[in-house]
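The residues making up each chain are set out below.
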Amino acid sequence: MYRLVIQAPHIETQHLKQLARLSGAHSIETVHQHSQHAFKLHGAEIENDEAVADFCESNQLDYAFIPEDIGVRDIGLIVMDMDSTLITIECIDEIADMFGIKPQVAEITAAAMRGELDFNESLTRRVALLAGLDETALNRVYEERLQLMPGAETMLAGFKQAGAKSLLISGGFTFFTEKLKTRLGLDYAIANVLEVENGKLTGRVVGDIVNAERKRNELIAHREMLGLSGNQVVAMGDGANDLPMLHAAGFGVALHAKPKVQAEAPYVINTVGMEGVLNYFC
């Protein structure tokens, strides 16, 4: 048996009643007292997924069928992409802006995230364009431009309080993931290392690139290290290089993601912030 979780900035009562009919749910409950942004429809039947999906799409509602017997305390690991997932920006595009070459770099970033370019090649090309940039530009991006995705701290606090570990894994850079790890109290962080010589970026990455395969492998490695089953892992991402990781998790969520990712990911959130992922399990 499933609960159907419905989320949006504003939800009409008539929509909930119609969804209860479509899904076969027997009762409707708010996820949080006094909140009108998230509801649970208990006893929903997943066989009715297509009708529910069509209705939610036409009414701009986020939905998810979650097994009734899984709650927040059953989740042992949350895995997140960084750029455009945990934070609102693409760090490499903003670094490029400091160098006056944002359009050239952003074009490659967008193609890679849509899945049109090999990630390793796209990252190598983008980083090469940054050769000669002063390292202090990275700190300016962090201080002046980096913002958390709405709901990020609520989501992290809720899972942490329930005992889950957190892994930030990014095709971006350790300069940013390490700062976020400290700031947000994350358990693990993995990203690419930018090579710096004499205070300037060389245009190269040190070591192996964190790509789609690495993200998936690290999720599995951390899951096994923690002795968890697949259904105890939640992953979130927005780009094509996150898809293998999303499929490896028990609950893989496309968060404000590119169309290709929304089409292929098991779960999708478009209308609410990161707190929407926590709401699946509350």
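Whatever comes next refers back to the structure up there.
Residues numbered from 1 in each chain as written. Predicted model: local features only at pLDDT ≥ 70, side-chain atom pairs only at ≥ 80, totals over all residues. Heavy atoms only, no water.

Draft legend 1. Local environment of the layout of surface pockets. Space inside the largest pocket adds up to approximately 520 Å³. Every residue lining the largest pocket is counted, 21 residues in all, and those nearest its centre are A53, L61, Y63, Q262 and V268. For the lining of the largest pocket, the secondary structure elements donating two or more residues are helix 2 (49-58), strand 4 (62-67), helix 12 (259-264) and strand 11 (267-269). Ranked by residues supplied to the lining of the largest pocket, first place goes to helix 2 with 5 residues. Its residues placed into classes, the lining of the largest pocket shows 13 nonpolar, 4 polar and 4 charged. Taken as a whole, the second largest pocket spans an internal volume of roughly 160 Å³. If you go around the second largest pocket, the residues you meet are A112, G115, L117, D118, F119, N120, N211, A212, E213, A240 and N241. (1 Å grid on protein atoms, 1.4 Å probe; cavity = no way out; pocket = protein on both sides within 12 Å on 5 of 7 lines; lining within 4 Å. Points joined across faces, edges and corners; volume = space filled by probe spheres on them. Helix = DSSP H or I, 4+ residues; strand = E, 2+ residues; numbered from the N terminus. Nonpolar A, V, L, I, M, F, W, Y, C, P; charged D, E, K, R; others polar.)

Draft legend 2. Local environment of the side chain of R126. With respect to the helices and strands, R126 occurs in helix 6 (residues 119-128). Of the side chains bearing the opposite charge, D93 lies closest to the buried R126, which forms no salt bridge; the N-O distance is 5.0 Å. Residues contacting R126, with those up to four places away along its chain left out, are I92, V105, I108, T109 and F119. (Buried < 20%, exposed > 50% of the residue type's maximum accessible area, 1.4 Å probe, protein only. Lys, Arg positive; Asp, Glu negative; His and termini not counted. Salt bridge = Lys/Arg side-chain N within 4 Å of Asp/Glu carboxyl O. Contact = heavy atoms within 4.5 Å.)

Draft legend 3. Structural detail: the packing of aromatic side chains. On inspection of all chains with the given rule, the structure shows 8 aromatic pairs. Centroid distance F175 to F176: 5.1 Å. Interplanar angle 75°. Geometry classified as edge-to-face. Residue classification places F175 among the partly exposed positions, given a relative accessible area of 22%. Here F176 falls in the buried class, since its relative accessible area comes to 0%. In this structure an aromatic cluster arises from ring pairing among F159, F251, Y267, Y280 and F281. One residue, K179, lies across the ring of Y142, its end atom 5.3 Å from the ring centre. (Phe/Tyr/Trp six-rings, centres within 6.5 Å; stacked < 30°, edge-to-face > 60°. Lys NZ or Arg CZ within 6 Å of the ring centre and 35° of its normal.)

Draft legend 4. Spatial organisation of the sheet that holds strand 11. If you walk across this open sheet you meet the 7 strands as 8-7-6-5-9-10-11, and the pairing is mixed. Looking at the sheet topology across the chains shown, the edges are occupied by strand 8 (200-206) and strand 11. Put simply, the sheet's adjacent strands are angled 25° from each other on average, direction ignored. Its contacts with the sheet place helix 8 (residues 152-161) against strand 5 (77-80) and strand 9 (233-237), and it is angled at close to 155° to strand 5. Across the sheet, helix 9 (residues 174-184) touches strand 6 (165-173) and strand 7 (188-197), and the angle it forms with strand 7 is around 140°. (Pairing = 2+ DSSP bridges. Axes fitted to C-alpha atoms, helices over the stretch in contact; angles between N-to-C directions.)

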